[in-house]
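Coordinate analysis (summary)
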Amino acid sequence: MTGTDELAPSQGVIEPPAGDSDMVMDAPETESQMPTAPEVAPPSTEQPVDDLTAEQRTRMEALLTEAIKAEEAGNSAQCFERLSEAKAVP
């Protein structure tokens, strides 16, 4: 084992050797200087929750609560079933 007092002091950043290398790739040229962003899906055209009746809202809340409990218990299949049922409520 080498003690820290025996290690050579750092000389800064180590640069790769000069010359062409197959390991180096230049970034593609673009007109924009902005970083790219992932595509964002358009807003859903499904029925808004505000249009639900009190009975539908109560049923949906119960299904979503059951879905959460199923996922917490590790039962993803039941969770997805409850989510599908909730989606079909209105």
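Looking at helix 2 (residues 76–87)
The terminal C-alpha atoms of helix 2, which comprises twelve residues, lie 16 Å apart, in line with the 16 Å expected from a rise of 1.5 Å per residue. Every buried residue of helix 2 is listed here: Cys79, Arg82 and Ala86. For helix 2, the arc enclosing every buried residue in end-on projection is 65°, short of the 170-degree limit, so these residues lie on one face. Residues of helix 2 that are exposed and angled more than 90 degrees away from the buried face: Phe80 and Lys87.

Observations concerning the environment of Thr65
Mapped onto the secondary structure, Thr65 falls in helix 1 (residues 54–72). A residue is classified by how much of its surface remains accessible, and Thr65, at 39% relative accessible area, is partly exposed. C-alpha separation for the pair Thr65 and Leu83, spaced 18 residues apart in sequence, amounts to 9.7 Å.

Comments concerning a nonpolar patch on the surface
A grouping of Leu64, Phe80 and Leu83 is seen on the molecular surface, where their side chains present a nonpolar patch of about 270 Å² in accessible area. Residue position: Phe80 is located in helix 2.

Rules behind the numbers
Residues numbered from 1 in each chain as written. Predicted model: local features only at pLDDT ≥ 70, side-chain atom pairs only at ≥ 80, totals over all residues. Heavy atoms only, no water. Helix = DSSP H or I, 4+ residues; strand = E, 2+ residues; numbered from the N terminus. Expected span 1.5 Å × (residues − 1). Buried < 20%, exposed > 50% of the residue type's maximum accessible area, 1.4 Å probe, protein only. Arc of directions from axis to C-beta. Patch = residues over 30% accessible without salt bridge, like charges linked within 9 Å, V, L, I, M, F, W, Y side chains within 5 Å. Areas by Shrake-Rupley, 256 points an atom, 1.4 Å probe, with all protein chains shown as cover. Salt bridge = Lys/Arg side-chain N within 4 Å of Asp/Glu carboxyl O.

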